[in-house]
Amino acid sequence: MPINSEPFSSDTARPLALARPPLDWRPIALVVAIAVIGLPLVHSPSTWLTLTVAGLAMGMIIFTAASGLTLIFGLMDVLNFGHGVFISLGAFVGFTVFGALSHFSQSPRLDLNLTAIAVAVLVATFAAALVGLIFERIIIRPVYGEHLKQILITTGGLIIGEELIKAIWGPEQHSFQIPPALSGAFIWGDAAIEKYRILAVVIGLLIYAALWLALTRTKIGLLVRAGVEDRDMVASLGYRIDRLFIGVFVVGSALAGAGGVLWGLYQEVITPGLGARLNVLIFIVIIIGGLGSVGGSFVGAVLVGLVANYAGFLAPKVALFSNILLMLLILMWRPRGLYPVAKR
Amino acid sequence: MTNPERSGASLNLRGVHTHIGPYHILHGVDLDVAPSQVTLLLGRNGAGKTTTLRTIMGLWRASAGEVVFDDTDLSHLQTSDIARKKIGYVPETMGIFSDLTVAENMTLGARSAARTNAIDPARLDWIFSLFPMLKTFWLHPAGLLSGGQKQMLAVARALIEPARLLIIDEPSKGLAPAMVEKMIEAFLRVKETRCTLLLVEQNFHFARQLGDHVAVMDNGRIVHRGDMSTLIEDAELQQRLLGLSLDAHQ
């Protein structure tokens, strides 16, 4: 049952007006425009298709990792520079699960490969959630409301986390191979579309759909959306905002863990610093999207993925700062991001 | 129409001090809010009225003193636990969730309802009888409502869960005269339910029609306590306490 359906008793007339404001299509049109502009610049339609699918896959994975952070910032006003440690942890836990399930992960059968990925994502999600819970209790809780301390202590948490990962899995990089049935590409005309990237897009869309449903169709989702706007008011209505904080932080960490597995397989190589490097793109995404906005993060992640891939092909030297430039231009257009949350 | 409140409860502040950062805002506030009566908290801007309300709700912590509601000291409780004592609160900013619909705002007000359909229909009908426009704009985003409509939504949201004490910071602020009259009518009906009301108000036309008792603040202290009727009749007292006369604000 939708959370905002009409509760009128039999003797009460239905409301007269049911209008909602139209969806702001301009940010979505921008995504389409960038993809369309990319086509003549790339020249080859097959290369463009390959880059576009790669960009979408990259965007979906970044969104998976970023969606939790934008809620953490939006609801808790916490600048968590340690978010990357959950991504790295997820990647390494997924890598370990893959090793333990080698009969599944190295089988030529698609169903076994998908099972290995599903188990890896689930275990990584659970591990990141557990570590997220400890991280919130020990590191975040003492510095609520103090941004400078949050930056310092969460950066410290990131460094300690990376060192712990090195202590457990070693400092060297590990090869994190895509399972056989998902490696390689579909050939469509001259275009080669990697199978794993299709899977990444599907998983990213499923996570977005699940988050959207949770945020719009449940009371907890309603509380999170309200808390992003005004924490004090949510507490004044009698809700334990501190419990909501913990829940959102744990879910955000869990999603980062899931993103870590997907990103590790996307890169096919994992290092303890993988999460810290992805953190930069994640912060760009949540700033572009509008702090606290899950939908904004989704659109922002797709933009970042597409721009990174087009720029990497067209001008590798500017690819490094292409997303910084994108963020700059978007903030000049919309200083509070693509889909700003009211009151923030 | 249903009359949903049970008797209101008393609220007593004893020697309440509040610091906000380095600033000492409340300097020993003593305030008694009588049960099932309407108490108006008046005073010039910066006198400490909003800070008093936020301190009662635990949004700012009292650094000393007691806030006793129905024999329970609230000063060490979390805001959510204070609200769960059946205390409704509407801040000066109204606290409307602009990105949510009117229905979603009301669903949040109704703590016991897991979803909109689970809100007590009799209670909702009573709310609609107070503020009919809520039904009209039920599925509208609250951010698109006018200032007066937002204020009505804020009060309705505080009332949807049965309250024993309702604390409202400037309910008539920024409202057009016609909207003020509607708000007065609504509060008179809420008053009939014997819910205790503590209102901060700058509009004396509003205050005199509702108030049973009045407390006047200045520089973080209560400087006058008494019946509203006494203040209404004493122009000199009005001038001395508030710097103006009520007659000038009709």
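Relevant structure appears above.
Small disclaimer: the values here were computed from a predicted structure and weren't measured.

Undergrad: Help me understand the packing of helix H6 (residues 147-159) of chain B against helix H7 (residues 177-192) of chain B in this model?
TA: Packed helix pairs are characterised by how far apart their axes lie and by the angle those axes make with each other. All names here are of chain B. At their nearest, the axes of H6 and H7 sit 10 Å apart, and the two run at 10 degrees to each other. With respect to H7, the element H6 is oriented roughly parallel. Across the interface between the two elements, Gly148, Gln149, Gln151, Met152, Val155 and Leu159 of H6 pack against Met179, Lys182, Met183, Phe187 and Val190 of H7. Broken down by class, the residue content of the contact of H6 with H7 amounts to seven nonpolar, three polar and one charged.

Undergrad: What's the story with the pairing of strand S4 (residues 62-69) of chain B in this structure? I'm lost.
TA: The two faces of a sheet get side chains in turn, since along a regular strand they alternate between them. All names here are of chain B. Here strand S1 (residues 11-20) runs beside S4; their pairing, made up of six bridges, is antiparallel. What sits directly across from His17, in S4, is Ala64. With two bridges connecting them, S4 and strand S5 (residues 72-73) associate as antiparallel partners. Counterpart to Val68 in the pairing with S5 is Asp73.

Undergrad: For this particular structure, what's the right way to read the sheet that holds strand S8 (residues 196-200) of chain B?
TA: Remark on secondary structure: sheet strands pair via backbone hydrogen bonds, oriented parallel or antiparallel. Residues and elements named next belong to chain B. One open sheet holds the six strands; their spatial order is S6-S7-S8-S3-S9-S10, and the pairing between them is mixed. Since the sheet does not close on itself, it has two edges, and those belong to strand S6 (87-90) and strand S10 (221-227), each with one partner. Averaged over all pairs of adjacent strands, the angle between their axes in this sheet comes to 15 degrees, without regard to strand direction. Pairing geometry for strand S7 (residues 165-169) and S8, over five bridges, is parallel.

Undergrad: Could you clarify how one ought to interpret the packing of helix H3 (residues 83-100) of chain A against helix H10 (residues 241-267) of chain A in this entry?
TA: All names here are of chain A. Where H3 meets H10, the closest approach of the two axes is 7 Å, and the angle between their N-to-C directions is 55 degrees. Classified by the angle their axes make, H3 and H10 are oblique. As H3 packs across H10, the resulting crossing turns out to be right-handed. For the pair H3 and H10, the contacting residues are His83, Phe86, Ile87, Gly90, Ala91, Gly94 and Phe98 in the first and Phe249, Gly252, Ser253, Ala256, Gly257, Gly260, Val261 and Leu265 in the second. Of the residues assigned to the contact of H3 with H10, the class counts are eight nonpolar, seven polar and no charged.

Reading the values: rules and limits
Residues numbered from 1 in each chain as written. Chains lettered and ligands numbered in written order. Predicted model: local features only at pLDDT ≥ 70, side-chain atom pairs only at ≥ 80, totals over all residues. Heavy atoms only, no water. Axes fitted to C-alpha atoms, helices over the stretch in contact; angles between N-to-C directions. Helix = DSSP H or I, 4+ residues; strand = E, 2+ residues; numbered from the N terminus. Parallel < 35°, antiparallel > 145°, perpendicular 65-115°, else oblique. Contact = heavy atoms within 4.5 Å. Nonpolar A, V, L, I, M, F, W, Y, C, P; charged D, E, K, R; others polar. Pairing = 2+ DSSP bridges. Left-handed = near helix turned anticlockwise from the far one by under 90°.

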